[in-house]
Amino acid sequence: MSRKGVRPLETGRRKGSDPVWHDVECGRYAADLPLWAELAGAVGGRVLDVGAGAGRVALRLAAAGHDVTALDRDAGLLAVLRARANAAGLRVDTVVADAAGFGAGEARFGLVAVPMQTIQLLPGADACAAFFASARRAVVPGGLVALAIAEELESFEDEGVIPLPDVAERDGWRYVSQPTAVRELPDGTRIERLRHTISPGGERTSEEDVIVLARVTVAGLHAEAAAAGLQPEATRHIDPTDDHVGSEVVVLRG
Ligand SMILES: C[S@@+](CC[C@H](N)C(=O)[O-])C[C@H]1O[C@@H](n2cnc3c(N)ncnc32)[C@H](O)[C@@H]1O
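The shown structure was predicted, so the numbers you read here are calculated from the model rather than taken from an experiment.

> Would you explain helix α6 (residues 218-227) in this entry?
Think of an α-helix as turning once every 3.6 residues; residues three or four places apart then point the same way. Where α6 is concerned, the buried positions are V218, L221, H222 and A225. The buried side chains of α6 occupy one side of the element, clustering within an arc of 105 degrees when seen end-on. Those residues of α6 that are exposed and aimed more than 90 degrees away from the buried face are A219 and A227. Lining the buried residues of α6 we find α5 (125-138), β5 (139-149), β10 (231-232) and β12 (247-253). Where α6 terminates, the next one or two residues include G229, which has phi positive at roughly 95 degrees.

> How should the site of the ligand be read in this particular structure?
Around the ligand there are 19 residues in total, and G51, R56, D72, D98 and A99 lie nearest to it. Take R56: an N or O atom from its side chain is 2.8 Å from an oxygen atom of the ligand. Within the backbone of A99, a nitrogen or oxygen atom sits 2.8 Å from a nitrogen atom of the ligand. Compared with its free state, where it exposes 590 Å², the ligand has 99% of that area covered by protein. Residues belonging to the shell around the ligand are distributed by class as follows: 8 nonpolar, 4 polar and 7 charged.

> Help me understand helix α4 (residues 75-87), please; the structure alone is not making it clear to me.
Over its 13 residues, α4 extends 18 Å from the first C-alpha to the last, a length consistent with the 18 Å expected when each residue adds 1.5 Å. Inspection of α4 places L77, L78, L81 and A85 among the buried residues, and these make up the whole buried set. Taken down its axis, α4 places every buried residue within 95 degrees of arc, on the same side. Facing away from the buried side of α4 by more than 90 degrees, the exposed set consists of N86 and A87. Taken together, the buried residues of α4 touch α1 (19-26), α3 (56-63), β2 (68-72) and β3 (92-96). A distance of 3.0 Å separates the backbone nitrogen of G76 from a side-chain oxygen at the start of α4, and that oxygen is part of D74. Looking at the residues trailing α4, positive phi occurs at G89, about 70 degrees.

What counts, and at which threshold
- Residues numbered from 1 in each chain as written.
- Predicted model: local features only at pLDDT ≥ 70, side-chain atom pairs only at ≥ 80, totals over all residues.
- Heavy atoms only, no water.
- Buried < 20%, exposed > 50% of the residue type's maximum accessible area, 1.4 Å probe, protein only.
- Helix = DSSP H or I, 4+ residues; strand = E, 2+ residues; numbered from the N terminus.
- Arc of directions from axis to C-beta.
- Contact = heavy atoms within 4.5 Å.
- Near = heavy atom within 4 Å.
- Polar contact = N/O pair within 3.5 Å; in protein donor to acceptor, adjacent residues only side chain to side chain.
- Areas by Shrake-Rupley, 256 points an atom, 1.4 Å probe, with all protein chains shown as cover.
- Nonpolar A, V, L, I, M, F, W, Y, C, P; charged D, E, K, R; others polar.
- Expected span 1.5 Å × (residues − 1).

Shown next, in the form of structure tokens:
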């Protein structure tokens with residue numbers, strides 16, 4: 001999640017999202033990539049990237065020689081992922097499915113990875129339990145399920161320092177994603193952004209984007225995972241960067 005207010009795409013108002021915002025707001029994040037590569041290499045076998053988006057993690061692991069399946073509920077993002085894989089001469093299988101209860105068919109995975117706080121986008125405890133049950137079925141015996149979470153987010157509202165926006169330029173169009181508030185809710189954190197699109201001629205359109213990240217803890221996830229038969233391993237930590245919050249990575253053994 002971007003430190004600047006954050007992640008794209010989960011407004012609950014749109015079915016699919018313009019992939020450009022995915023790239024603007026989280027495409028440049030790289031601090032977690034060595035850990036996903038390490039975990040994938042440690043267990044071997046196929047990798048299931050849950051909430052894969054446009055393939056930031058999946059493409060990197062495929063390029064490192066892993067067999068990767070990318071799962072996301074957003075078919076548009078997976079289409080972008082496939083185009084990028086093709087352009088790079090990589091193969092990544094894609095599955096449009098809900099992380100809150102998916103079937104893996106016959107496939108079994110050495111690593112089920114859930115990067116970038118995607119688990120916190122699931123709507124409540126039942127959805128989380130459904131994810132763990134699915135992950136338990138999908139992972140090979142002795143394989144790993146790993147989830148990156150942010151336990152605490154620094155909130156700001158009308159006062160305080162407004163973070164710098166995420167900015168990108170493509171074909172003369174400029175995209176500016178400005179965090180405007182991070183608000184604490186009883187069960188989560190509401191992250192608000194204004195997304196500005198500026199045409200080559202200077203015309204600007206703006207839209208609001210809101211996501212809510214559920215509040216989770218390492219201990220709480222360990223308990224929920226244990227109920228599905230996944231055993232806790234040592235939690236890993238990813239330091240914050242200038243642009244992104246740090247993460248705890250909950251690691252579970254199947
Ligand atoms: C912040 S993005 C992370 C994308 C990618 N994993 C990365 O690290 O760059 C969250 C992704 O999770 C997907 N997502 C959110 N809720 C989901 C759900 N219930 N089932 C499947 N995918 C979901 C979104 O479509 C989006 O691609």
